[in-house]
Structure formats: C-alpha cells, structure tokens
Amino acid sequence: MRADSSWELTMAGLRSRLSSDVMLDTGEVDLSQVQFVRPGWLVGLSSLIETWCLEDRPLGIKLPLDDVARYMQRMDFFANFGEKLLYDKDVTRLEIGTRHGDAPLSELRTVRTEDEVAAVTRDFHRLLSKGNLTRSEVNRCCTVLSEFLENAVIHAESPCGAYTAIQTYQMRGNRVCVAVADAGIGIPATLKVHREAVSRGISTDGGLIELAAVDGVSRLSADRGGGFGSALRSVGRGNGALTAWSGQGWVRFSGVVGARAEEAHRFLGTCVEAEFRLS
Amino acid sequence: MTTLSSPAVDLSVLDDVVPLPEGDISGGVLAGRKGGGAERTRLKQVLMSYGPGSVLGVDVRAAHFMNFSFADECFGVLMQELYGGEAENRYMVLIVSPDEQEDILEEIQVSLERKKLAMFYAGNPKGLGELSIVGELPDYLVHTLESIQPGDTNETLAERLNIKLTTCSNRTDRLARLRLLRKKRRHGNLGYKQFEFSPVLPLAEVSL
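Note that this is a predicted model, so its numbers are computed, not measured.

Draft legend 1. Examining the sheet that holds strand 10 (residues 132-135) of chain B more closely. Residues and elements named next belong to chain B. Here we have 6 strands laid out as an open sheet, ordered 1-10-8-7-5-3, and mixed in their pairing. Single-partner strands in this sheet number two, and they are strand 1 (2-3) and strand 3 (16-19). By the bridge criterion, 3 bridges tie strand 7 (residues 91-95) to strand 8 (residues 118-122) in an arrangement that is parallel. Note on strand 8: the bridge partner recorded for Val 93 is Phe 120.

Draft legend 2. Region of the structure containing the domain arrangement of chain A. Residue and element names in this part refer to chain A. When its domains are assigned, chain A resolves into domain 1 (7-93) and domain 2 (109-277). Contact with domain 1, which involves 18 residues of that partner, is made by 26 residues of domain 2. Looking at side-chain class alone, the side of domain 1 that touches domain 2 contains 6 nonpolar, 8 polar and 4 charged residues.

Draft legend 3. Spatial organisation of unusual backbone geometry. Cis geometry marks the peptide bond from Leu 20 of chain B to Pro 21 of chain B, where omega comes out at 10 degrees. The residue Pro 21 of chain B is located in the loop between strand 3 and strand 4 (29-30) in this model. The phi angle at Asn 239 of chain A is positive, at roughly 50 degrees, despite the residue not being glycine. Considering the arrangement of structural elements, one finds Asn 239 of chain A in the loop between helix 11 (227-237) and strand 9 (241-254). For Asn 239 of chain A, a count of 11 C-beta atoms within 10 Å gives the class exposed.

Draft legend 4. Inspection of the interface of chain B and chain A at higher detail. Contacts between chain B and chain A engage 18 residues on the former and 20 residues on the latter. Secondary structure elements with two or more residues in the side of chain B that touches chain A: helix 1 (33-49), helix 2 (68-83) and helix 3 (102-114) of chain B. Looking at the side of chain B that touches chain A, the element that brings in the most residues is helix 3 of chain B, giving 4 residues. In terms of residue class, the side of chain B that touches chain A is made up of 5 nonpolar, 7 polar and 6 charged.

Conventions used here
Residues numbered from 1 in each chain as written. Chains lettered and ligands numbered in written order. Predicted model: local features only at pLDDT ≥ 70, side-chain atom pairs only at ≥ 80, totals over all residues. Pairing = 2+ DSSP bridges. Helix = DSSP H or I, 4+ residues; strand = E, 2+ residues; numbered from the N terminus. Domains from an automatic or database assignment. Contact = placed C-beta atoms within 7 Å. Nonpolar A, V, L, I, M, F, W, Y, C, P; charged D, E, K, R; others polar. Buried ≥ 20, exposed ≤ 12 C-beta atoms within 10 Å, placed from the backbone.

Here's what the structure looks like:
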C-alpha cells in the first residue's frame with residue numbers, strides 16, 4: 001500500500017488508507033509520506049497492529065521522515081512495538097522528538113485493567129492540569145478518556161487491552177485531542193442482539209454505534225451503560241466533536257449537527273477520538 | 001438539581017462527615033466502576049456503624065474529577081440499595097461545592113435521575129445551610145417535602161396540602177424510601193397504626 005502524496009495520519013487518514021483488510025492483505029504499511037500525526041491515528045494503528053500480530057505474521061513498516069518518526073519515538077510508539085514490526089530504517093538512531101511549543105502531550109499508553117484505567121486517568125489529569133487548560137477542559141478530556149478506556153477494558157474483550165494518547169496542539173487555535181482504541185470485538189458486535197437494537201430494527205454498524213451512546217444501553221444490564229453518553233455530554237459542553245469507528249461504522253458526533261453515520265472500511269475493534277477547542 | 005424552599009437546616013447535627021476520596025492516593029481523581037464500588041462499600045460500612053436515625057455527610061469537595069461510571073457505581077447504586085431497604089432509618093447528605101463542582105454534581109444527577117432516585121446535598125457540613133436535591137424528584141414530591149413539619153401524620157399533611165389521604169400516604173412513603181424524610185410508626189389515638197414524619201435534619205427556623 002503506497003500513498004501517492006504526503007498525507008496526514010489522522011483517524012480519517014487511517015480510515016481511507018489503512019483499513020484492516022488492506023493491512024492483512026499486503027503485510028506492509030507505508031508511512032513514508034506522512035507529514036502529521038494525531039492521537040487518533042496513533043492509537044488506531046496500534047490496535048490494528050495488535051490485530052495483525054495475533055496472526056503471527058511479520059508486519060513491515062516504511063517509516064516516515066525523521067521529524068515525524070522522532071515524534072513517534074517521543075510518543076513511545078517504537079518502545080511499544082519494537083520487536084513486533086520490521087522497519088525499513090534503524091529506529092534506534094532516532095532521537096526523541098521535542099515538544100512543539102508548550103503543548104503537553106502524553107506517551108502512548110496501554111491499559112488492561114480497571115485499576116490501570118484509574119491510574120492512567122490520574123496521570124493524564126495531572127499532566128493536563130499542568131498545561132494552560134481550565135479545570136473544565138481537563139475534566140472533559142478525562143471524562144472521554146476514562147469512560148472509553150473503561151468500556152474497552154470491560155466490554156471489548158481486547159487481547160491487547162486499550163491504547164490511549166492525548167495531545168494539545170495549535171491548528172486554527174488551541175485544541176486538545178483525546179483518543180482511545182482497542183482491538184476487541186467492536187461496538188456493533190456487542191450490541192447487535194441488544195433488545196433495543198432488535199426492537200428499533202437497527203442493523204448497521206453506524207446505527208449500533210449511535211445506539212451505544214444512548215443512556216442505559218449496555219450489553220451487561222439496563223443498570224449499566226451511560227459512559228458513552230457522559231463522554232458525549234462533555235464533548236457537547238466543550239463545543240467539540242467525537243468520532244467513533246468500529247466495525248464498518250464511522251460516526252461523527254458534534255453538538256452542532258448531531259450524529260452523522262457513514263460506512264467505512266472495517267476496523268477490528270473500536271477507535272474513538274474527541275477534539276475540543278481550548279480557551 | 002432542585003433547591004428546597006424550606007428554611008435552613010442545622011448541618012452541625014450530622015453524625016459524621018466522611019471525606020471522599022479518602023486520603024491522597026487517588027489525587028482527587030475518581031474514575032471507574034471498580035473504584036466507585038469500593039467507595040460505596042466503605043460508605044455503607046460507615047453508615048451502618050451508626051445507629052438508626054443517624055445522618056452521614058459525604059464530603060466530595062476535595063474531588064477534582066469524578067466520571068459517570070464512578071458516580072453511578074458509588075452514589076447511584078448506594079441510593080438504590082437504600083431505596084430497597086438497606087441501612088434502615090439511616091440518612092445521607094452529599095457535601096459538594098455546587099459552583100466549583102458543577103461537573104461532578106451533574107454526573108451524580110444523571111445517575112440518580114436514570115434510577116428515579118434523589119438525595120440531599122449541601123455546600124457545607126457545618127452550621128446552618130440550605131438543602132438541595134440532586135437526582136429526580138417530581139414537583140409534587142418537592143412540594144410535599146417542603147411542607148413537612150415535625151410530628152406530621154398523613155392525616156395532618158393531607159389536610160394541609162388539601163389532597164386525598166391515600167395520595168398523601170403514597171407520597172410520604174416514597175419520600176421515606178428515598179431517605180428524604182423520617183418516618184416513625186406510632187399508635188394513633190384509636191389504637192390503629194399511624195406514621196409520624198419529620199425532616200431528616202432539624203429546621204433552623206420552624207414557622208408555626
């Protein structure tokens with residue numbers, strides 16, 4: 001798989017170029033033209049790599065330019081996957097990339113247990129509180145982070161747990177981006193036989209992702225659920241947007257236009273990214 | 001959230017005020033059902049260590065962050081258990097800074113609202129203060145709660161509210177199960193059973 005020109009490794013970029021099917025077909029990922037990386041890509045690709053590694057087949061990676069590769073080094077990408085991947089360059093020569101401006105960012109983190117969800121949330125709360133974010137902004141990020149991590153750990157049955165990353169950056173103003181991904185069974189698979197899905201006749205993956213955001217909808221019991229909805233309320237209060245990709249469903253939630261579902265290449269697991277403008 | 005129009009109450013009579021989180025381990029960041037469940041168990045143990053009639057303050061003012069899952073597992077499930085009859089005749093008041101902890105209060109609100117439950121909250125655990133309600137409490141129950149005077153029976157309350165006795169009885173029963181009202185059984189003048197009601201916390205000023 002080769003990119004024709006430079007591109008941004010965002011969730012959308014991942015969606016259009018790195019579908020799970022393509023990865024499994026080619027056995028190689030070409031990142032050589034990547035110019036910009038966001039957390040949604042980083043955690044999404046990490047989950048896809050885990051899926052690939054389950055097949056016990058080597059995955060080749062064509063690395064991006066050094067600036068971008070150093071950023072990946074800074075985010076501990078190679079530390080996480082060092083020996084599972086075959087690189088076209090020596091990654092040990094990369095120096096750790098510096099932060100852009102005063103933007104706080106977290107390393108790529110893996111979470112496997114509920115205790116780790118609490119610990120990572122504490123770490124990220126402390127990290128973000130050191131930045132120039134208001135209390136509300138920090139808490140919105142931590143709501144998204146903690147609720148989706150908990151969903152991944154409890155519901156997803158992901159063999160690798162969940163990956164998460166947070167970054168603040170400047171693009172048309174200050175922004176913060178929170179991303180969580182897992183390599184589990186995905187939201188559609190957990191809800192396709194839920195009585196609400198059956199009674200409402202919801203069968204598309206996008207529709208099932210929207211259903212997951214409804215308070216009280218949980219695979220476990222009617223007393224559970226609510227985490228996704230809480231995260232969405234946080235996104236709405238922060239005038240942000242949240243994108244969820246699972247199975248063949250791709251849904252963008254925003255306070256302005258509501259939910260917009262599309263069909264996408266299959267993502268084996270769930271990848272969620274929320275973005276807020278900062279004051 | 002609903003602020004009661006009742007006179008101020010005396011919060012100094014709280015039997016205990018338990019901080020949540022306890023200690024510095026969590027750094028005031030409360031996330032996840034597992035942590036919420038552990039805190040619920042702790043709160044219930046403390047509540048049960050006091051006798052019937054006691055009122056426990058749960059002070060969350062040191063919390064910087066609480067997510068929905070924690071709030072639901074801690075306060076949502078706890079109030080559900082109390083509504084179901086556990087920790088009989090024991091009461092709870094949440095101590096929270098409504099202005100600075102609006103987000104925390106909202107997570108508790110959503111959890112209780114979904115379960116059709118409610119609990120008291122106040123901004124300070126000492127001295128005189130106003131009680132408010134977090135969760136779901138229909139207007140007619142709010143009105144009933146605000147009208148309660150110490151020693152009321154269903155008969156006296158029904159007459160004051162100008163409603164049927166059975167309607168009044170249903171309302172006071174629900175308020176008592178929600179632990180928003182004290183309910184004490186006594187024998188009436190003619191020997192039949194009768195319930196006597198009083199506010200959970202004593203009113204600072206009682207208008208007669």
